[in-house]
Amino acid sequence: MRHNRILVWFRNDLRITDNETLIKAIQSGNEVVPVYCFDPRMWSKTDLGYCKTGAFRTKFLIESVDALRKSFRELGADLIVLQGMPEIKLVQLAEEMEAKGIFFSKEVTSEERNVEKSLETNAFAKGIATESFWQSTLYHIDDLPFPVSQTPEVFTHFRKAVEKMVKIRPAWSTPKRLNFPSDLDSSRLGELPSLHTYGLEEPDRIAKSWLEIEGGEQAASGRLQSFFWEKDLLKVYKETRNGLIGMDYSSKFSPWLAVGCISPRSIYEEVKRYEKERKKNDSTYWLIFELVWRDYFRFIAKKHGDKIFQIQGIKNQEDSWSRDKPQFEAWAEGRTGVPFVDANMRELNATGFMSNRGRQIVASFLVNDLGIDWTWGASYFESKLIDYDVCSNWGNWMYVGGVGNDPRENRYFNILRQAKNYDRNGDYVRMMIPELQAIKGFDIHQPWDLSTSKLKSLKIQLGHTYPHALRNMPTLEKAY
Ligand SMILES: Cc1cc2nc3c(=O)[nH]c(=O)nc-3n(C[C@H](O)[C@H](O)[C@H](O)COP(=O)(O)OP(=O)(O)OC[C@H]3O[C@@H](n4cnc5c(N)ncnc54)[C@H](O)[C@@H]3O)c2cc1C
């Protein structure tokens, strides 16, 4: 006989606040068993030979699952941790525990959807019901003023339509208690994996890492509390968001949003409270504007399916990309000889994070200056980013690669112009590229313009202590 018991399968919704899947399971009046399953396919190798999920994201994910388990323990419940393929492991567990249903959050991209579909099929074969919920966006998919298949190809059209016609649903409240089975054998609970489980090393904590980020729902709300209320930074976000150095030029919500430690709706509600209690201005709106971009890439991914991963993109552009491996590796390792690009790539490799400005610059350099396959760049980011989000990453890369939703024909970033605007004194590059540290001011961005004797006096030898530039960069004068 089946028990009145529901498994709640946590995916990229690692929180108990504003979690409809969890609330619906609790409201069903059944016993609720929260489960997370570490899927080994997340640590397989990409075509380029990188681990799909690198050390920073793995560490962050393990911390987030651990924090979720603690939240459930505070409610007198627990979280079962499994390792293996969810479509097999979850159904096996449901059968063994005689659960009558499995609830989970919907994903949009094919790998995740395939797992969902197999789980539904396997569960159905065993007479176990499944129910799934849309969770990840600010605007609920069912509230869109058009079918998702008609999502506008231009962001502004999408944004204006949803802003005008859609009301953001209120966040779900935090559960106070949970009807957790009292007879659960503790041997079932399962251990968290470690980085070594996936052949990864603990990332070094380096001095130049300003990323104070730990996984989990509490840490996410701590960051919100600090960024909005204690440091009062929301009111200047629009002016600071293009920064490069430090924790506070932007919200740094992205790692928590990516695994769902915080929901965009909870952030939205807190922005509204801030606007009422402190200040309402362009900056407070702009944070919401950026969250709408996040939604947009998710709906575009749902609309276009696997096209977002394909070289032709959603514009069906012809494939005329270079696949020069040594040049690609120089880019990936921060050895292109173009300091602003290298500095950003070194930050990514050393910390798992890069500013939005940096991401646009290095992506533009890879696709526009080197002409290299944009999917290689996207795939490298997938492996390295602590905040990797399948839709935001591939959507943004398509955009920069000119095969996505950008109405502009040519989105070329002149690197020196970017450097002049965003790192005028070269401080960021100086921090990331110690071998160029001795060059003062803006000159650090164009070491090729310094005389050999000047470089010699600074103990720099291009081609030896720092590489020659892979490409001649357009001069500042030619920049727009
Ligand atoms: C090539 C490229 C790849 C990217 N890959 C990712 C990725 O894998 N994961 C990811 O979360 N973001 C990605 N972004 C978007 C953006 O760079 C990051 O969201 C942002 O830098 C994260 O820092 P933050 O949380 O401090 O952002 P804030 O400036 O504080 O913005 C707040 C939130 O808005 C959302 N947001 C901001 N900008 C964008 C954007 N351009 N697209 C989608 N959402 C946005 C994010 O959820 C972010 O956390 C990418 C951008 C580029 C150009």
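Residues numbered from 1 in each chain as written. Predicted model: local features only at pLDDT ≥ 70, side-chain atom pairs only at ≥ 80, totals over all residues. Heavy atoms only, no water.

So, about the overall build of the protein chain. A tally of helices and strands in the protein chain yields 18 helices and five strands. With the C-alpha coordinates of the protein chain rotated into their principal frame, the extents come out at 85 × 50 × 45 Å. Looking at the protein chain as a whole, 58% of its 480 residues are labelled buried. Summarising the internal contacts of the protein chain: among those between residues at least 6 apart in sequence, 77% fall at separations of at least 24. For the protein chain, the exposed area adds up to about 20,800 Å²; of that, 48% sits on carbon and sulfur atoms. (Helix = DSSP H or I, 4+ residues; strand = E, 2+ residues; numbered from the N terminus. Buried < 20%, exposed > 50% of the residue type's maximum accessible area, 1.4 Å probe, protein only. Contact = heavy atoms within 4.5 Å. Areas by Shrake-Rupley, 256 points an atom, 1.4 Å probe, with all protein chains shown as cover.)

Around the ligand, the surrounding shell holds 25 residues, and the nearest of these are Y237, S250, S251, K252 and N356. Separating an oxygen atom of the ligand from a backbone N or O atom of S254 is a distance of 3.0 Å. Between D387 and the ligand, the recorded distance is 2.9 Å, taken from a backbone N or O atom to a nitrogen atom. Across the complex, the protein chains shield 97% of the 810 Å² of accessible surface that the ligand would expose by itself. (Near = heavy atom within 4 Å. Polar contact = N/O pair within 3.5 Å; in protein donor to acceptor, adjacent residues only side chain to side chain.)

The next thing to look at is the sheet that holds strand 2 (residues 31-38). As a general point, the strands of a sheet are linked pairwise by backbone hydrogen bonds and lie either parallel or antiparallel. Ordered by their spatial adjacency, five strands build an open sheet running 3-2-1-4-5, and the pairing between neighbours is parallel. Strand pairing shows two members of the sheet lacking a second neighbour, strand 3 (80-83) and strand 5 (129-133), which therefore form its edges. Recorded for the sheet is a direction-independent mean angle of 25 degrees between the axes of neighbouring strands. Relative to the sheet, helix 4 (residues 110-125) contacts strand 1 (5-10), strand 4 (101-105) and strand 5, its axis offset from that of strand 4 by approximately 170 degrees. (Pairing = 2+ DSSP bridges. Axes fitted to C-alpha atoms, helices over the stretch in contact; angles between N-to-C directions.)

Our next topic: the packing of aromatic side chains. Counted according to the given criterion, the structure contains 38 aromatic pairs. Arranged with centres 5.8 Å apart and planes meeting at 10 degrees, the rings of W134 and F299 form a pair that is stacked. Taken as a pair, W134 in the loop between strand 5 and helix 5 (155-165) and F299 in helix 10 (residues 282-304) lie far apart in primary sequence, 165 residues in all. Note on accessibility: W134 and F299 belong to one class, buried. Ring centres of F381 and W397 lie 5.1 Å apart, and the angle between their planes is 85 degrees; this geometry places the pair in the edge-to-face category. Taken together, the positions of F381 in helix 14 (residues 374-384) and W397 in helix 15 (residues 390-400) put the pair 16 residues apart, joining distant regions of the chain. Among the aromatic residues, those joined into a cluster by ring pairs are W134, F146, F155, F158, Y285, W286, F289, W293, Y296, F297, F299 and Y399. In this structure, K252 packs its charged tip against the face of Y249, placed 3.5 Å from the ring centre. (Phe/Tyr/Trp six-rings, centres within 6.5 Å; stacked < 30°, edge-to-face > 60°. Lys NZ or Arg CZ within 6 Å of the ring centre and 35° of its normal.)

With that settled, consider the nonpolar core. Grouped together as the largest cluster of nonpolar side chains are 159 residues, with contacts concentrated most on L7, F72, I102, F228, I267, W331 and W374. Those residues in contact with I102 that sit more than four places away from it in its chain are L7, W9, L90, V91, A94, L119, I128, A129, T130 and E131. (Core = buried A, V, L, I, M, F, W, Y, C linked by side-chain atoms within 4.5 Å.)

Pairing between side chains of opposite charge can happen when the charged atoms of each approach one another. Counted under the stated rule, the structure contains 36 salt bridges. Taking the shortest distance from any N to any O, the salt bridge between R298 and E107 comes out at 3.7 Å. Separated by 191 residues along the polypeptide, R298 in helix 10 and E107 in the loop between strand 4 and helix 4 bring together distant segments of the chain. Residue class for E107 comes out buried when judged on its relative accessible area of 8%. Residues R159 and E163 are paired through a salt bridge, measuring 2.9 Å at the closest nitrogen-oxygen approach. Placement of both R159 and E163 in helix 5 is noted, with a separation of four residues, approximately one turn of the helix. What makes R159 buried here is its relative accessible area of 14%. (Salt bridge = Lys/Arg side-chain N within 4 Å of Asp/Glu carboxyl O.)

Quick look at the domain arrangement of the protein chain now. A common way to state how big an interface is: give the accessible area lost once the parts meet. You can read the domains of the protein chain as domain 1 (1-135), domain 2 (137-170 + 218-304) and domain 3 (315-457). Once you take the C-alpha centre of each, domain 2 and domain 3 turn out to be 25 Å apart. Taken over both partners, the interface formed by domain 2 and domain 3 buries close to 1,800 Å², and the fraction arising from carbon and sulfur atoms is 63%. Three residues, N242, L244 and F297, lead the burial of domain 2 against domain 3; their summed loss comes to 38% of the area buried on that side. Run the count over domain 2 and domain 3 and you get one salt bridge. Inspection of the domain 2/domain 3 interface yields three residue pairs in polar contact (both at pLDDT 80 or more). Its residues assigned to classes, the side of domain 2 that touches domain 3 comprises eleven nonpolar, three polar and five charged. (Domains from an automatic or database assignment. Buried area = accessible area lost by both parts, 1.4 Å probe. Nonpolar A, V, L, I, M, F, W, Y, C, P; charged D, E, K, R; others polar.)

Spanning 20 residues, helix 2 (residues 55-74) covers 29 Å between terminal C-alpha atoms, matching the ideal 28 Å at 1.5 Å per step. Looking one or two places after helix 2, you find G76, whose phi comes out positive at around 80 degrees. (Expected span 1.5 Å × (residues − 1).)

Before going further, it helps to spend a moment on the side chain of R223. Here R223 is to be found in helix 6 (residues 217-230). For R223, a relative accessible area of 6% puts it in the buried group. From its side chain, R223 meets the backbone oxygen of S251 in a polar contact 2.7 Å long. If we skip the residues at most four places from it in the chain, R223 touches K231, M247, D248, S250, S251, K252, F253 and W256.

Here the phi dihedral of D18 falls at roughly 50 degrees; this positive angle occurs in a residue that is not glycine. Position of D18 among the secondary structure elements: in the loop between strand 1 and helix 1 (20-27). Backbone geometry places D232, a non-glycine residue, at a positive phi of 55 degrees. Looking at the secondary structure, you find D232 in the loop between helix 6 and helix 7 (237-240).

With the rule as written, the count across this model stands at zero disulfides. Lacking any disulfide linkage, C37 is separated from the closest cysteine sulfur, that of C51, by 17 Å. The thiol sulfur of C391 is not disulfide-bonded, and the nearest other cysteine sulfur, from C261, lies at 17 Å. (Disulfide = S-S within 2.5 Å.)

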